[in-house]
There are 2 protein chains.
Amino acid sequence: MQTNEAFNIEGTANVLKLLGDKTRLTMVKIMSEHECCVCEFVDVFDMSQPAISQHLRKLKDSGLVNEARRGQWIFYSLNQTSLYYSYILTVIKELPSQNFKVEELTAQGKRICCD
Amino acid sequence: MQTNEAFNIEGTANVLKLLGDKTRLTMVKIMSEHECCVCEFVDVFDMSQPAISQHLRKLKDSGLVNEARRGQWIFYSLNQTSLYYSYILTVIKELPSQNFKVEELTAQGKRICCD
DNA sequence: CGAATATATAATCAAATGCTTATTTGGTTA
DNA sequence: TAACCAAATAAGCATTTGATTATATATTCG
């Protein structure tokens, strides 16, 4: 819901608040490493499917992520054209990789792949 | 209350949440341009003195700002040695200057100066 | 010392947030 | 078309957050 082309305090605060949640920040880090669908997030986080959907909706509403349906699944990825994309890169660059979480899914045969 | 030397998701999310409040983000921007004491913030924001103190306390508890007593007043400034200082710079760099707010104080003779 | 001023803390409360369960929507597939 | 599955939405609830007012603490100054 980013209405302004330039950075302003209100919009920036909103984005920082969104990123200031452990679950969403982890989601963003994961998406910087892999595209992911909702059910994968549900497996990664010990959390209900609606909880995951609600987090993704907030990220989507503020334009930070894209969604794309592929078959049965809806995949989420970082929106590289967001005004705030460079902030996101700055922040997640230093965070520990979350690849291991997705690799656990792969090991359990739970990874969704639509290639 | 930053316990870890390295960036981790929990600590980073906490800092982003702190910055994800319009009042605190504006305070941080102001502090990047001027050192400020509590009563100046009270004049700048239309908000009670305890509300200001509580915001500053959160910023101080997470190590983002320093406080220094000078006479009757306690001045707050950005802690340039914080692990997260460069994040803060990245974010506030693009925000519109808040100098005009402090200049209004000066015009009203409300600016505190201890030089 | 005692009054005045600046700041911090305590207690309280309304609004916002993040989760849950139940249900609905939308696309796929037999 | 009907059953199935992924994801979204609705409703409800506990917790957190950010404000307020009242009070306490610290420092300065007459």
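This text gives an overview of the structure that appears in the document. Model, not experiment: these values are computed from the prediction.

The full set close to DNA strand C counts 27 residues, and Ser48, His55 and Lys58 of chain A together with Ser53 and Tyr76 of chain B are the nearest of them. Protein-proximal atoms of DNA strand C, defined as those within 4 Å of the protein, fall in sugar or phosphate at a share of 67%. Within the side chain of Ser48 of chain A, an N or O atom sits 2.6 Å from a phosphate oxygen of DNA strand C. Within the side chain of Lys58 of chain A, a nitrogen or oxygen atom sits 2.7 Å from a phosphate oxygen of DNA strand C. Put simply, the parts of the chain that give the surface near DNA strand C at least two residues each are helix 2 (22-33) and helix 4 (49-61) of chain A together with helix 3 (38-44), helix 4 (49-61) and strand 3 (73-78) of chain B. When the residues that make up the surface near DNA strand C are grouped by side-chain class, the tally is 10 nonpolar, 10 polar and 7 charged.

Turning next to the nonpolar core. In terms of nonpolar packing, the biggest core is built from 68 residues, with Met31, Phe41 and Leu64 of chain A together with Met31, Phe41 and Leu64 of chain B touching the most fellow members. If we skip the residues at most four places from it in the chain, Leu64 of chain A touches Val15, Leu18, Leu19, Leu59, Ser77, Leu78, Asn79, Ser82, Tyr84 and Ile88 of chain A.

Before going further, it helps to spend a moment on the protein's contact with DNA strand D. Inspection of the region around DNA strand D gives 27 residues, with Gln49, Ser53 and Tyr76 of chain A together with Ser48 and His55 of chain B positioned closest. For DNA strand D, the backbone portion of the atoms within 4 Å of the protein, that is sugar and phosphate, comes to 73%. Within the backbone of Val38 of chain A, one N or O atom sits 3.4 Å away from a phosphate oxygen of DNA strand D. Here a base oxygen of DNA strand D and a side-chain polar atom of Gln54 of chain B are 3.3 Å apart. Those elements giving two or more residues to the surface near DNA strand D turn out to be helix 3 (38-44), helix 4 and strand 3 (73-78) of chain A together with helix 2 (22-33) and helix 4 of chain B. Each residue belonging to the surface near DNA strand D can be placed in one class, and the counts come to 10 nonpolar, 10 polar and 7 charged.

The rules we used
- Residues numbered from 1 in each chain as written.
- Chains lettered and ligands numbered in written order.
- Predicted model: local features only at pLDDT ≥ 70, side-chain atom pairs only at ≥ 80, totals over all residues.
- Heavy atoms only, no water.
- Near = heavy atom within 4 Å.
- Polar contact = N/O pair within 3.5 Å; in protein donor to acceptor, adjacent residues only side chain to side chain.
- Helix = DSSP H or I, 4+ residues; strand = E, 2+ residues; numbered from the N terminus.
- Nonpolar A, V, L, I, M, F, W, Y, C, P; charged D, E, K, R; others polar.
- Core = buried A, V, L, I, M, F, W, Y, C linked by side-chain atoms within 4.5 Å.
- Buried < 20%, exposed > 50% of the residue type's maximum accessible area, 1.4 Å probe, protein only.
- Contact = heavy atoms within 4.5 Å.

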